[in-house]
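# A look at the structure
Each chain, written out:
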Amino acid sequence: MSTHPKVAGPDAVSDPTLAALLAQLDARHHGTICSTLVYGSCLRSGDIYDGLLDLYLICDNYRAAYRRPLLAAANWLLPPNVFYAEQKPVDDGNEGKTLRSKVTVISLQDFQTGCSPAWFESYIWGRFAQPTRILYARDQSVRGQIETALTQAAHTLLQKALPALPAQGSLLTLWEQSLSLSYATELRTERGGRAQELASTSLDFYGALTRHHASDLGFSFSLHTQDEELHYRSQIGTIKRRLATLAWALRRGQGKLLSIVRLIKALFTFEGGLDYIAWKLERHSGEEILIPDAVRRAPLIHLWGFFWGLYRRGIFK
């Protein structure tokens, strides 16, 4: 029986355009996709045709997933790889809208490791502690492995975050602050309040995971009801708290550097990568982003100054 809370969302059986997109992606990666996950803003809003659908493709291995050795090597050296894919409407449903997606590829082994404490960076376990829906799994064995990894991601985030948080508080505050720690390790373009929105809109989901992991975090942790709300209390030693604070400081430095490297890498894997970056920045910041001609001509030379200017304007955090 799965310990990961069930997450409602899109279904390829009832949406032929989504089914066609998944088939297209499986063919692109030569039948190596053993599971497909969806998470992010489109899952939360319930409208997968609004913006870019965030898809994670879990593949058997990189060599089999690509016919181009450089792509396989890039995915192996710094997972994951990011691509763009779209699917024209298959029928007249959804008002004939094109389904557009940001497609991220990672191997099953890297995904499992990335959800575990073995991965210092919070890039994977911070993301997949959030509500995630399994759109496709090759068989029950794969589904079970993915569900176990997703459950592990929440355990890892709680275990790493709690020593850096106050000793007690509400469940909402616990998850808002835990997600904020993970968000802060990347170059983010969202306005403030995103972690609070995530925690408040999925509090039942987070409550179920917290109850499941409460007795297995490696330190004293308990839940209780106060003023009709779920609260937590932890007892964690001073040394462990200091080490956790240092670890998160290191993750912030490491994560922001790797965010830049992943953006650079996406320029070579993501069709229209520069325009995607501009679109994403505009969508989350509310400001117009223009890509200079010099950046388009020679991105590896001029992108650094462009990013620095955006950072100084407060577009990146």
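This text follows the structure it describes.
Reading the values: rules and limits
- Residues numbered from 1 in each chain as written.
- Predicted model: local features only at pLDDT ≥ 70, side-chain atom pairs only at ≥ 80, totals over all residues.
- Heavy atoms only, no water.
- Helix = DSSP H or I, 4+ residues; strand = E, 2+ residues; numbered from the N terminus.
- Rg over C-alpha atoms; globule rule 2.2 N^0.38 Å.
- Buried < 20%, exposed > 50% of the residue type's maximum accessible area, 1.4 Å probe, protein only.
- Contact = heavy atoms within 4.5 Å.
- Areas by Shrake-Rupley, 256 points an atom, 1.4 Å probe, with all protein chains shown as cover.
- Lys, Arg positive; Asp, Glu negative; His and termini not counted.
- Charge placed at Lys NZ, Arg CZ, Asp CG, Glu CD.
- Phe/Tyr/Trp six-rings, centres within 6.5 Å; stacked < 30°, edge-to-face > 60°.
- Lys NZ or Arg CZ within 6 Å of the ring centre and 35° of its normal.
- Patch = residues over 30% accessible without salt bridge, like charges linked within 9 Å, V, L, I, M, F, W, Y side chains within 5 Å.
- Salt bridge = Lys/Arg side-chain N within 4 Å of Asp/Glu carboxyl O.
- Pairing = 2+ DSSP bridges.
- Axes fitted to C-alpha atoms, helices over the stretch in contact; angles between N-to-C directions.
- Arc of directions from axis to C-beta.
- Nonpolar A, V, L, I, M, F, W, Y, C, P; charged D, E, K, R; others polar.
- 1 Å grid on protein atoms, 1.4 Å probe; cavity = no way out; pocket = protein on both sides within 12 Å on 5 of 7 lines; lining within 4 Å.
- Points joined across faces, edges and corners; volume = space filled by probe spheres on them.

Broken down by element type, the protein carries 14 helices and 8 strands. Its C-alpha radius of gyration of 20 Å places the protein within 12% of the 20 Å reference for a compact globule of 317 residues. Out of the 317 residues in the protein, the part that is buried amounts to 52%. By sequence separation, contacts in the protein at least 24 residues apart represent 70% of the contacts at least 6 residues apart. Counting only carbon and sulfur atoms, one obtains 53% of the accessible surface of the protein, whose full area is about 15,200 Å². Across the protein, the mean location of the 35 positive side-chain charges is 9 Å away from that of the 30 negative side-chain charges.

On to the packing of aromatic side chains, then. Going through the model one piece at a time under the given rule, you end up with 9 aromatic pairs. Relative to Phe83, the ring of Tyr66 lies with its centre 6.1 Å away and its plane at 40 degrees, an arrangement referred to as tilted. Of the two residues, Tyr66 sits in the loop between α3 (62-65) and α4 (69-77) while Phe83 sits in strand β3 (residues 81-87), which places them 17 residues apart along the sequence. Considered together, Tyr66 and Phe83 belong to a single accessibility category, that of buried residues. Through successive ring pairs, a cluster of aromatic residues spans Tyr39, Tyr56, Phe111 and Phe128. Over the ring of Phe120 we find Arg251; its NZ or CZ atom is 4.4 Å from the centre of that ring.

Here we take up a nonpolar patch on the surface. Side chains of Phe120, Ile239, Leu243, Leu246 and Leu250 sit close together on the surface and give an oily, nonpolar patch of about 510 Å² of accessible area. Structurally, Leu250 is set in helix α11 (residues 238-269).

Attention now goes to the side chain of Ser107. Structurally, the position occupied by Ser107 is in strand β4 (residues 99-107). Excluding residues within four positions of it along the chain, Ser107 makes contact with Ile58, Cys59, Asp60 and Tyr62.

Attention now goes to the sheet that holds strand β5 (residues 133-137). In a beta sheet, neighbouring strands pair by backbone hydrogen bonds and run either parallel or antiparallel. Spatially, the 5 strands line up as an open sheet ordered β3-β4-β2-β1-β5, and their pairing is mixed. Strand pairing shows two members of the sheet lacking a second neighbour, β3 and β5, which therefore form its edges. Within this sheet the neighbouring strands show an average axis-to-axis angle of 25 degrees, counted without direction. Pairing of strand β1 (residues 33-39) with strand β2 (residues 53-59), which is carried by 6 bridges, proceeds in the antiparallel orientation. Residue Ile33 lies in a different strand from β2, and its bridge partner there is Cys59. Helix-sheet contacts for helix α1 (residues 16-28) involve β1, β2, β3, β4 and β5, and the interaxial angle to β3 is about 135 degrees.

Another aspect to go through is the pattern of salt bridges. Inspection of the entire model under this criterion finds 6 salt bridges. One salt bridge connects Lys88 with Glu86, and the closest N-O pair in it is separated by 3.5 Å. Residue Lys88 is classed as partly exposed on the basis of its relative accessible area of 49%. Measuring nitrogen to oxygen at the nearest pair gives 3.9 Å for the salt bridge that ties Glu86 to Arg100. One end of the pair, Glu86, is in strand β3; the other, Arg100, is in strand β4, and 14 residues separate them in sequence. Members of the salt-bridge network, linked through shared partners, are Glu86, Lys88 and Arg100.

With that out of the way, let us pick up helix α9 (residues 194-201). All of the buried residues in α9 are Arg194, Ala195, Leu198 and Ala199. Each buried residue of α9 sits inside an arc of 130 degrees when the element is viewed along its axis, so together they form one side.

The residue Cys34 is located in strand β1 in this model. Overall, the relative accessible area of 1% leaves Cys34 in the buried class. When the C-alpha positions of Cys34 and Leu162 are compared, they lie 33 Å apart, and in sequence the two are 128 residues distant.

Here we come to the packing of helix α7 (residues 140-161) against α11. Taken N-terminus to C-terminus, the directions of α7 and α11 make an angle of 115 degrees; their axes are 9 Å apart at the nearest point. Here α7 contributes Leu157, Lys160 and Ala161 to the contact with α11, which in turn contributes Ala244, Trp248 and Arg251. Classifying every residue of the contact of α7 with α11 gives 4 nonpolar, no polar and 2 charged.

On to empty space enclosed by the protein, then. For the coordinates displayed, the defined rule picks out 2 cavities of 30 Å³ or more. Roughly 30 Å³ of volume is contained in the second largest cavity. Considering the residues around the second largest cavity, the lining is formed by Tyr39, Gly40, Leu43, Arg44, Gln130, Pro131 and Leu198. Residues belonging to the lining of the second largest cavity are distributed by class as follows: 4 nonpolar, 2 polar and 1 charged.

With that settled, consider α4. In an α-helix, one full turn covers 3.6 residues, which means residues spaced three or four apart are oriented alike. By the burial criterion, the buried members of α4 are Leu71, Ala72, Ala74 and Asn75. For α4, the angular spread of the buried residues around the axis is 160 degrees, confining them to a single face. The outward face of α4, more than 90 degrees from its buried face, is lined by the exposed residues Pro69, Leu70, Trp76 and Leu77. The inward-facing, buried residues of α4 abut α3, β3, β4 and α11.

Purely spatial values, then, with no claim about function.
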